[in-house]
Amino acid sequence: MLKRIIDTLGWLGVALVFGAVVVRFRRPELVDWWRGLAIAGLVVVGLYLATQWREIAQTFSRRQARYGALTATSVLLVIALLAGINYVATRNSKRWDLTANQQFSLSDQTRRILGALEGPLRIEVYSRSSDFVTFKDRLDGYAYASPKVAVEYIDVDREPSRARENEVQSYNTVLVRYGSRTERTNGANEQELTNAIIKAVEGRTKKVYFVTGHKERDTTSSDERTGYSALSQALTRDNFTVAPLLLAQQRDVPADADVLVLAGPEGDLLDDEVTVVTRYLERGGKLFALVDPPAKEGAPGPARLQGLLARWGFTTGGDYVLDVSVNVAGQVVIREVAVAGNYPSHPMTDPLQGALSIFPQAQSITPASEGSRIPTPVLQSSENSFALEDRAAFNSGGEIKIDESKGDKRGPVIIGAALALDAPNAPAAPPPADGQEPAPPVQTRIAVFGDSDFAANGFLGVEGNSDLFLNAVNWLAGQDNLISVRPRDAADRRITMTPDRTRITVLFSVLFLPMLFIGAGIVTWWRRR
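Here the structure is a predicted model, which means the values were calculated and not measured. (Residues numbered from 1 in each chain as written. Predicted model: local features only at pLDDT ≥ 70, side-chain atom pairs only at ≥ 80, totals over all residues. Heavy atoms only, no water.)

Every α-helix carries 3.6 residues per turn, so stepping three or four residues along brings you back to the same face. Compared with an ideal rise of 1.5 Å per residue, which puts 12 residues at 16 Å, helix α10 (residues 271-282) spans 16 Å between its outermost C-alpha atoms and is within 8% of the ideal. Listed as buried for α10 are E273, V274, V276, V277, T278, Y280 and L281. (Helix = DSSP H or I, 4+ residues; strand = E, 2+ residues; numbered from the N terminus. Expected span 1.5 Å × (residues − 1). Buried < 20%, exposed > 50% of the residue type's maximum accessible area, 1.4 Å probe, protein only.)

Glancing now at the layout of surface pockets. Roughly 660 Å³ of internal volume is contained in the second largest pocket. In terms of residue class, the lining of the second largest pocket is built from 12 nonpolar, seven polar and 10 charged. (1 Å grid on protein atoms, 1.4 Å probe; cavity = no way out; pocket = protein on both sides within 12 Å on 5 of 7 lines; lining within 4 Å. Points joined across faces, edges and corners; volume = space filled by probe spheres on them. Nonpolar A, V, L, I, M, F, W, Y, C, P; charged D, E, K, R; others polar.)

Mapped onto the elements, P244 comes out in strand β6 (residues 240-246). With 16 residues separating them in the primary sequence, P244 and L260 have C-alpha atoms 9.8 Å apart.

One open sheet holds the seven strands; their spatial order is β6-β5-β7-β8-β19-β18-β15, and the pairing between them is mixed. Pairing within the sheet leaves two strands with one partner each, and these edge strands are β6 and β15 (376-380). Direction aside, the axes of adjacent strands within the sheet are offset by 20° on average. Looking at chain direction, strand β8 (residues 286-290) and strand β19 (residues 443-449) are connected through five bridges and run parallel. When the sheet's bridge partners are listed, A289 is paired in β19 with V448. With respect to the sheet, helix α9 (residues 229-237) is in contact with β5 (206-212) and β6, its orientation differing from that of β6 by roughly 135°. (Pairing = 2+ DSSP bridges. Axes fitted to C-alpha atoms, helices over the stretch in contact; angles between N-to-C directions. Contact = heavy atoms within 4.5 Å.)

Here the focus is the packing of aromatic side chains. What describes a pair of aromatic rings is the distance from one ring centre to the other and the angle between the planes of the rings. For the structure on display, the rule yields eight aromatic pairs. Between F132 and Y153 the ring centres are 5.2 Å apart and the planes differ by 45°, which places this aromatic pair in the tilted class. Of the two residues, F132 is situated in helix α6 (residues 132-145) and Y153 in strand β2 (residues 149-155); the sequence distance between them amounts to 21 residues. Assessed through its relative accessible area of 24%, Y153 is described here as partly exposed. Taking the centre distance of 6.4 Å and the plane angle of 85° together, the rings of F210 and Y228 count as edge-to-face. Of this pair, F210 sits in strand β5 while Y228 sits in the loop between β5 and α9, and the two are 18 residues apart along the sequence. Exposure class is identical for F210 and Y228. Each is buried. The side chain of R128 reaches across the aromatic face of Y171, ending 3.7 Å from its centre. For R373, the ring lying beneath its charged end belongs to W312, and the centroid distance is 3.8 Å. (Phe/Tyr/Trp six-rings, centres within 6.5 Å; stacked < 30°, edge-to-face > 60°. Lys NZ or Arg CZ within 6 Å of the ring centre and 35° of its normal.)

Summed over the entire model, instances satisfying the criterion amount to 16 salt bridges. For R162, the salt bridge goes to E124, with nearest N and O atoms at 3.9 Å. Within this pair, whereas R162 is found in helix α7 (residues 160-165), its partner E124 is found in strand β1 (residues 121-127), the two being separated by 38 residues in sequence. In this structure R162 comes out as partly exposed when scored by relative accessible area, which is 22%. The salt bridge involving R304 is made with D268; its shortest N-O contact spans 3.7 Å. (Salt bridge = Lys/Arg side-chain N within 4 Å of Asp/Glu carboxyl O.)

The analysis is restricted to geometry; functional conclusions fall outside its scope.
See below:
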């Protein structure tokens, strides 16, 4: 009777341990349950082994038992070695992403944002257990990039009360918590997740006003050549609000303006508008001016706008930057486009080194070389380019000769510059509280590019164009931590075949290869026969 009870005790311990394993993998959130079962099972197994110590000692005294113990010890050592390697690997993870667009690696923008976190960031995924893998592959990279990031997965079907508590209405909802702020998104791709993190970290959506009234670019237009709708969407993803501003009806630039954009005006500013913009800049405003060359040969440029920019150290060339290249046939081709691949050092362009950006119909920008307002070059064309004052020769198709005495410039030609300096008439800052440092001086920031086409819908897809514009706006707005290279879409690796090639591929795989293996088998059988 006692022996039967002891034997039952052993089986009970094994059952408790097995139950702990099942609960651990089926319901990992029930930590107390599976830990309690595991401890109880080990205690019961230990009691059983304590009652069988004589039988165990006799078993190990035999020769076969000793050999078996040696084998078991070897196996345990190998398992311990593998466990040690796994332990080290989990704490010193190394990944290799061999995809064309690095689609399984976090972008430079995401890494910079996570690296600049000042407090803990919590990401909660509300979905079905079967759908967690959709988020896990991506969010594991976020947690690996920063120890301040914690990710939790909540099964909505098993914890409906928690979903109701956080007003989760649909599956695949992600909540991003940072401090007292919470943002939510329903996307699993990096761009949407990172955008939610930006909103939670920044706490306020900054506002970009696009000046209207002079035939500027339209942020609502989807026209491929002139529209700015794609750019408006990109700014929204970067946590900006985009709004038009009819400057002629304003006595002042709105107080909530973080950046004022003048995108390719065809007409000139009014005197009152110049006064409004000047007053805005002198008290610490931020201006992004995209100024195209004159549309017609010999046409005068916008004199008032040119005068406004000249007072801050920028001179527009009124010329046309052309690029010289060689086509596949070995012929020299001159294109009415400026190409930039190497950028002068500046915060807005440093992450873009090596990324190509193009500027159709651009003009040169000459920064002042003396005085208190000296802009810094940020964009320049390639060494094979030049700036041409006389466009008539290019339009006529005749031979083009560079005449520097007439104002022509050999490449590289500066087509963009930026200025940052303490605002001349900044409002007085409040005195700092006890123990705090005084606030930094308010800065006026201006960026002037000699082209507005590069940010239009038809050219924004070029590798560096979108990042360049967004980086410039973030630099102007003082968000240096968002200046980066943004996530790329996965490359389309599909193979498109003609009907003939499809037919050949099917015949080769379905008919030729099987027949080849069958024939090889018959030949081998015949030779061995």
